[in-house]
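So the chains spell out like this:
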Amino acid sequence: MLRQFIVSTVGRRLQLPMMAQSRLASNLDKTEYTTPGEIVDYDDPPHLPVPEYPVRPDEPLEIRKQRLLYQSRKRGMLENDLLLSTFVAKHLKDFNAEQTAEYDQLINGVSNDWDIFYWATDTKPTPPQFDTEIMRLLKEHVKNHEKVQRIRQPDL
């Protein structure tokens, strides 16, 4: 049994350099693995209706903040999870009712999370209806002037 293990291990070690050489010798064009310079973004087709997000006018402020905290952490794409959860951890506790409503409209009124990401990172221009005080705060947060590492969501 031990002899079989040693033979198989030595055999794999001998094969690895040969596999690396064949990989280097291949004619793969390395440019196919680079990130494109421009963003390819298509408009949603008109036959796909996007449901309206329900307005909750009677929701108490603290309940709304708890809901927004959860929704900021569970966006469905890691980039926005990290950006929005760290933003909320830093700013949401200080928001008044109007600012909280603006943030609610920003994250729930947009049908495509990539739009929020592109607007926050200044990759695409922000439409006027979403260019609010909250979006400006988010853009400043994304610039990360404090050089904070944001590789994890903050603890609850």
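Analysis parameters
Residues numbered from 1 in each chain as written. Predicted model: local features only at pLDDT ≥ 70, side-chain atom pairs only at ≥ 80, totals over all residues. Heavy atoms only, no water. Axes fitted to C-alpha atoms, helices over the stretch in contact; angles between N-to-C directions. Helix = DSSP H or I, 4+ residues; strand = E, 2+ residues; numbered from the N terminus. Left-handed = near helix turned anticlockwise from the far one by under 90°. Contact = heavy atoms within 4.5 Å. Polar contact = N/O pair within 3.5 Å; in protein donor to acceptor, adjacent residues only side chain to side chain. Expected span 1.5 Å × (residues − 1). Buried < 20%, exposed > 50% of the residue type's maximum accessible area, 1.4 Å probe, protein only. Salt bridge = Lys/Arg side-chain N within 4 Å of Asp/Glu carboxyl O. Phe/Tyr/Trp six-rings, centres within 6.5 Å; stacked < 30°, edge-to-face > 60°. Core = buried A, V, L, I, M, F, W, Y, C linked by side-chain atoms within 4.5 Å. Parallel < 35°, antiparallel > 145°, perpendicular 65-115°, else oblique. Nonpolar A, V, L, I, M, F, W, Y, C, P; charged D, E, K, R; others polar.

Asker: Just give me the short version of the packing of helix H2 (residues 61-73) against helix H4 (residues 97-109), but keep the residues and values in it.
Answerer: Two elements in contact, H2 and H4, have axes whose closest approach is 11 Å; the angle formed by their N-to-C orientations is 35°. The handedness of the crossing between H2 and H4 is left-handed. Contact residues: Leu61, Arg64, Lys65, Arg67, Leu68, Gln71 and Ser72 in H2; Ala97, Thr100, Ala101, Tyr103, Asp104, Ile107 and Asn108 in H4.

Asker: Describe the environment of Thr126, listing the residues and the values that go with them.
Answerer: With respect to the helices and strands, Thr126 occurs in the loop between helix H5 (113-120) and helix H6 (133-143). Through-space distance from the C-alpha of Thr126 to that of Ile116 is 8.6 Å; in sequence the pair is 10 residues apart. Those residues in contact with Thr126 that lie beyond four places of it in its chain are Trp119, Asp131, Met135 and Lys139. Polar contacts involving the side chain of Thr126 include one to the side chain of Lys139, which spans 2.9 Å.

Asker: Report on H2, specifying residues and quantitative values.
Answerer: With 13 residues, H2 ought to run about 18 Å at 1.5 Å a step, and its terminal C-alpha atoms sit 19 Å apart, in line with that. Among the residues of H2, those classed as buried are Arg64, Lys65, Arg67, Leu68, Gln71, Ser72 and Arg73. In this fold, the buried residues of H2 make contact with helix H3 (78-91) and H4.

Asker: Outline the pattern of salt bridges, listing residues and values.
Answerer: Evaluation of the coordinates by the stated rule reveals 10 salt bridges. Three or more residues are tied together by salt bridges with common partners; here these are Glu59, Arg64, Arg67 and Asp104.

Asker: With reference to specific residues and values, describe the side chain of Ser85.
Answerer: Assignment of secondary structure puts Ser85 in helix H3. Looking at Ser85, its side chain comes within polar contact range of the main-chain oxygen of Asp81, at 2.6 Å. Setting aside residues no more than four positions away along its own chain, Ser85 makes contact with Ser72, Arg73, Asn80, Gln153 and Pro154.

Asker: Give a description of the packing of aromatic side chains that names residues and reports values.
Answerer: The final tally for this structure, using the stated rule, is 7 aromatic pairs. Residues Phe87 and Tyr103 carry aromatic rings whose centres are separated by 5.7 Å and whose planes lie at 35° to one another, so their mutual orientation is tilted. In this pair, Phe87 sits in helix H3 while Tyr103 sits in helix H4, placing the two residues 16 residues apart along the sequence. Per residue, the accessibility class of Phe87 equals that of Tyr103, and both read buried. Pairwise contacts between aromatic rings join Phe87, Phe95 and Tyr103 into one cluster.

Asker: Could you give an account of the nonpolar core, with specific residues and numbers?
Answerer: Nonpolar side chains in soluble globular proteins tend to end up buried together. In terms of nonpolar packing, the biggest core is built from 22 residues, with Phe87, Phe95, Tyr103, Leu106, Ile107, Ile134 and Leu138 touching the most fellow members. Listing elements by their share of this core, those giving two or more residues are H3, H4, H5 and H6. Ranked by residues supplied to this core, first place goes to H5 with 5 residues. When neighbours within four sequence positions are excluded, Phe95 is seen to be in contact with Lys65, Phe87, Thr100, Tyr103, Ile134 and Leu137.

Asker: Please set out the packing of H3 against H5 residue by residue, giving values where relevant.
Answerer: In the contact formed by H3 and H5, the axes pass within 10 Å of each other and the chain directions differ by 55°. As judged from the angle between their axes, H3 and H5 are oblique. Considering only the axes of H3 and H5, their crossing is left-handed. When H3 is examined against H5, the residues Glu79, Asn80 and Leu83 are found in contact with a partner set consisting of Asp113, Trp114, Ile116 and Phe117. Looking at the contact of H3 with H5 residue by residue, the classes come out as 4 nonpolar, 1 polar and 2 charged.

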